[in-house]
Amino acid sequence: MADYQTHEHDVLVIGAGGAGLRAAIEASAGGVSVGLVCKSLLGKAHTVMAEGGLAAALANVDDRDNWKVHFADTMRGGQYLNNWRMAQLHAQEAPARAHELEGWGAMFDRTPDGRILQRNFGGHRYPRLAHVGYRTGLEMIRTLQDHGIHQGIDVHMECTVVRLLKDGDRVVGAFGYERERGRFKLFKAKAIVLATGGIGRAYKITSNSWEYTADGHALAYEAGADLQDMEFIQFHPTGMVWPPSVRGILVTEGVRGEGGILKNSEGRRFMFDDIPDNYKSQTADNAEEGWRYVTGDKAARRPPELLTRDHVARCIMREVKAGRGSPHGGVYLDIAWIKEKLPNAAEHIKKKLPSMYHQFKQLADLDITKEPMEIGPTTHYVMGGVRVDGDSQMSTVSGLFAAGEVAAGLHGANRLGGNSLSDLIVFGKRAGEFAATYAKANRQGTVDGRQVDDIAKWALEPFERGAAAEGPYQVQYALQDMMQELVGIVRTEAEMQKALDGLRELKARAVKVGVGGHREYNPGWHSSLDLFNLLAISEAVARSALERRESRGGHFREDYPNKDAKAGTFNLVVRKGRDGEMELVQAPISEMPQELKDIIEANK
Amino acid sequence: MTMATFQIWRGDAKGGALKDYTTKVSDGMVVLDAVHQIQAEQANDLAVRWNCKAGKCGSCSAEVNGHPRLMCMTRLNQIDITKPVTIEPMRTFPSIKDLVTDVSWNFRAKKTITRFKPRTPDAPDGTWRMQQVDIERVQEFRKCIECFLCQDVCHVLRDHQLFDEFAGPRHMVYAAALEMNPIDTEDRVSDLKKAHGIGYCNITKCCTKVCPESITITDNAIIPLKERVVDQFYDPVRKLFRMFQP
Ligand SMILES: Cc1cc2nc3c(=O)[nH]c(=O)nc-3n(C[C@H](O)[C@H](O)[C@H](O)COP(=O)(O)OP(=O)(O)OC[C@H]3O[C@@H](n4cnc5c(N)ncnc54)[C@H](O)[C@@H]3O)c2cc1C
Ligand code: SF4
Ligand code: SF4
Ligand code: FES
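Residues numbered from 1 in each chain as written. Chains lettered and ligands numbered in written order. Predicted model: local features only at pLDDT ≥ 70, side-chain atom pairs only at ≥ 80, totals over all residues. Heavy atoms only, no water.

Some thoughts on the site of ligand 3
Near ligand 3 the following residues occur: Cys144(B), Ile145(B), Glu146(B), Cys147(B), Phe148(B), Cys150(B), Cys211(B), Pro212(B) and Ile217(B). Its residues assigned to classes, the shell around ligand 3 comprises eight nonpolar, no polar and one charged. (Near = heavy atom within 4 Å. Nonpolar A, V, L, I, M, F, W, Y, C, P; charged D, E, K, R; others polar.)

As structure tokens, this is what we get:
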């Protein structure tokens, strides 16, 4: 094996968002040596962008709330494809994890009696989201970062892992490069936690950052781990649509939580037109009741704008397709209307939604206290990911753990807003804890030097082909356009078949991509390697979406528009077959214990 | 179609120069869009940091026409694009490549500030009680996205390169957030005076002017901290008291 800069850790955590930081802190507390790798600088991971809040049944604002209601809400939102064990642990442990953050310096907004304030969010029965204005993710990542830097964790910033290394069935290390000099790095570890986030960059219109190139999903897949639920992608109903350069940037659900309503070009509040049966009993049937709900009346039911994201996104698509959209292909989100209800509405909006006020003012020259916003769906979150054990977060590969957005299970077919930030700290902690335990029980494995050399050689191929070859960005844009068009919010068999053909062609282009320049901080090179992850995982999405012949949660088939009870009994699992081809199997969902069934029944 | 010319600094620690790129610009574009377009079409290896493209992560700091800004929040219609627009890296920090600088000093400096340590919880369930009014000023400081633009403009760092003596405005904001946290129990005043060199700040307020989060760095963080230093070190009664402290 050639000479690579080598680091040895008991536990290696890949990713420094909320999940990765929490895992690293916990593993370190378990008394093992911990390395933490991330593609960007510390504190810049995607988690920093989260806005609305962190869901935990603290019952500070409404004392009817408890973990059972949170559990039932999560399962209903996920259309019962969730890993029920994860949904249970998540609801039970989120409050303690939230309080722990406070002990590490987080400063959530307060109730009048000085406790953590909670706000309403789609799909949550009671006000449940602990928050800091609309910058909750920043608060979370900074708290974990500032705590984490004093825990003796070795941080490798701006370093990208390109492959996991195995010894037999077990994972024993990772191989990557650091961005600054472009040098390779070899990590040896007894256990690895993947916390790499999502895949949003496979789509053209997305709220996600450049980092979301499906790396962790692809690393796990290549290492032989099972992925599940890859057909379920959350399209957030409200992204900016105009001007073009900001298309996709998120408009927080909080706008609707504060009373914002959705209207079509005819001025009709179309969300009242289609309220799903299983939410009828919880949803307001007139505008007046909806307003009372957002102003805190506990007897009122929530307005239909706060139905789950999958549903709201589809209703918007329906309006646009029917020709009732706004000039730039969205619909209107109106918060300015509350001036009919409040004398000082403009001030109120600026105070409650300062970041949205500034975002539109700065990026779109629009005053949201005066005019409605133009919004449309944007790719936001992937429910699918690495299949893990609910308690330990270990994947189907020994020694490989996953937590946060890269893991699957908690959210089932659709995630509720706020359930990601809580996911990160609940399962980040668990993954760190069990990875440390695993590391203590196992020796350092053997790294296969030849395999490492092969990866290094592969990684440098784009330079050999040079700048004369096609560049990576063109292929990435082509992929994004295609996925947006053919495997987006509304799907059909024919389109997805076409997407699979398209993916084959794009793969052929990807292996011919070349870059110029040298290895020092060369984004073109990085993108050429990221492409392979995006392509592999896009295929997993398309294949799974083709196979699920029903509509449920984040997955909507125009050719199978209804839910199919039988399809509700399994998750789709994707893995790399022995022949190197992608293999797809149905994995039956295990029977839920009676006590959990009773909770769901009681909260219907 | 409108075209605009951008002069982007290309180079590394050994040196570099502005290089001209002409590209088409459209409605609503921000500087970062132009940089990305140039990167995709003309210079694949152009190095630039960014993450969120929404002013939330503080990665894309640079000097646009000489002004320290977040590139993702600087719209082209805010600047004159009939003339070439210069885009340079933050000049206070050592160059890595093109628009990317070595900001690692900031991470090291932060680590030297005494960490948060809360008082024992107020309630039996292990939680604290804080009033919103009491935490609002700390919340202002916690808006910081660590873009380091304030560090970039501060003359103590930029012109005098006193990295070993002065922690810089960002870390004054950080220390202020900890010092004014109602449940924190540590005392950082002595460190602020000595290790972190608060005395070097002569209140020019340049940092406040560039902060994209509109944190009133000088008035709300640095001046109150300076007052605490004065109270503790130069107040005669306090001084006497300290002499008798073990
Ligand atoms: C605009 C926006 C608003 C949101 N608001 C909310 C909200 O209010 N509430 C909520 O619950 N959720 C929200 N979400 C979702 C939530 O923010 C994310 O799901 C969550 O932050 C993901 O965290 P994570 O720890 O899994 O990954 P991330 O925070 O994305 O971190 C991933 C880490 O992995 C690293 N990484 C990736 N690939 C590699 C590699 N190959 N090698 C090395 N390192 C790698 C990255 O550098 C990064 O450090 C929001 C999302 C967006 C986009
Ligand atoms: S006010 Fe102080 S910290 Fe801010 S730029 Fe001026 S000298 Fe630097
Ligand atoms: S205080 Fe303001 S300018 Fe300084 S790093 Fe923080 S956000 Fe940036
Ligand atoms: S890219 Fe995040 S602040 Fe500009």
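So that's the structure; there's more coming.
Notes on the domain arrangement of chain B
Residues and elements named next belong to chain B. Segmenting chain B into domains produces domain 1 (2-101) and domain 2 (104-237). With centres defined by C-alpha atoms, the gap from domain 1 to domain 2 works out at 30 Å. Counting from both sides, the interface comprises 14 residues of domain 1 and, opposite them, 17 residues of domain 2. Carbon and sulfur atoms supply 61% of the area buried between domain 1 and domain 2, which totals about 1100 Å² over both sides. Among the residues of domain 1 in contact with domain 2, Pro68, Thr92 and Phe93 are the three that bury the most area, contributing 51% of the side total. Our count for the domain 1 to domain 2 interface comes out at one salt bridge. (Domains from an automatic or database assignment. Contact = heavy atoms within 4.5 Å. Buried area = accessible area lost by both parts, 1.4 Å probe. Salt bridge = Lys/Arg side-chain N within 4 Å of Asp/Glu carboxyl O.)

Quick word on the sheet that holds strand β10 (residues 227-228) of chain A
Residues and elements named next belong to chain A. The strand order across the open sheet formed by four strands is β15-β10-β19-β20, and the pairing between neighbours is antiparallel. One side of each edge strand has no neighbouring strand; the edge strands of this open sheet are β15 (385-386) and β20 (582-588). Its contacts with the sheet put helix α5 (residues 215-222) on β10, β15, β19 (570-576) and β20, and the angle it makes with β19 is roughly 70°. Packed onto the sheet, helix α16 (residues 523-547) meets β10, β19 and β20 and runs at close to 50° relative to β20. (Pairing = 2+ DSSP bridges. Helix = DSSP H or I, 4+ residues; strand = E, 2+ residues; numbered from the N terminus. Axes fitted to C-alpha atoms, helices over the stretch in contact; angles between N-to-C directions.)

Points about the site of ligand 1
Residues and elements named next belong to chain A. Taken together, 40 residues surround ligand 1, and among them Thr47, Gly52, Glu211, Tyr212 and Leu421 come closest. Interatomic distance of 2.9 Å between a backbone N/O atom of Gly53 and a nitrogen atom of ligand 1. Ala195 places a polar main-chain atom, nitrogen or oxygen, 3.4 Å from an oxygen atom of ligand 1. The fraction of the free accessible surface of ligand 1 (1000 Å²) that becomes covered by protein chains is 99%. Only α1 (18-29), β7 (159-167), β14 (373-382) and α12 (419-441) provide two or more residues apiece to the shell around ligand 1. (Polar contact = N/O pair within 3.5 Å; in protein donor to acceptor, adjacent residues only side chain to side chain. Areas by Shrake-Rupley, 256 points an atom, 1.4 Å probe, with all protein chains shown as cover.)

Things to note about the confidence of the model for chain B
Across chain B, pLDDT averages 94, with 95% of residues at or above 70. For this predicted complex, the interface confidence reaches an ipTM of 0.94, while the overall pTM sits at 0.96. (pLDDT = per-residue confidence, 0-100.)

A closer look at the pairing of strand β2 (residues 34-37) of chain A
Residues and elements named next belong to chain A. The two faces of β2 match: Val34 and Leu36 on one face and Gly35 and Val37 on the other face are all buried. As paired elements, strand β1 (residues 5-14) and β2 share four bridges and run parallel to each other. In the sheet register, Ile14 faces β2, and the bridge partner there is Val37. For the segment spanning β1, α1 and β2, crossover handedness is right-handed. Both β2 and strand β6 (residues 154-156) contribute to a ladder of three bridges, which runs parallel. The partner of Leu36 across the bridge, within β6, is Val155. (Buried < 20%, exposed > 50% of the residue type's maximum accessible area, 1.4 Å probe, protein only. Right-handed = clockwise from strand over helix to strand, strands pointing away.)

Let's talk about the environment of Ser528(A)
Residue and element names in this part refer to chain A. One can find Ser528 in helix α16. What makes Ser528 buried here is its relative accessible area of 2%. Residues Ser528 and Glu461, spaced 67 residues apart in sequence, show a C-alpha to C-alpha distance of 9.6 Å.

Examining the interface of chain A and chain B
Across the contact, 63 residues belong to chain A and 55 residues belong to chain B. The junction of chain A with chain B conceals about 5000 Å² of combined surface from both sides, 53% of it contributed by carbon and sulfur atoms. When residues of chain A are sorted by the area they lose upon contact with chain B, Lys44(A), Met107(A) and Tyr521(A) head the list and together hold 14% of the total. Remark: the boundary between chain A and chain B carries six salt bridges. Here Lys110(B) makes a salt bridge to Asp146(A), at a shortest N to O gap of 2.6 Å.

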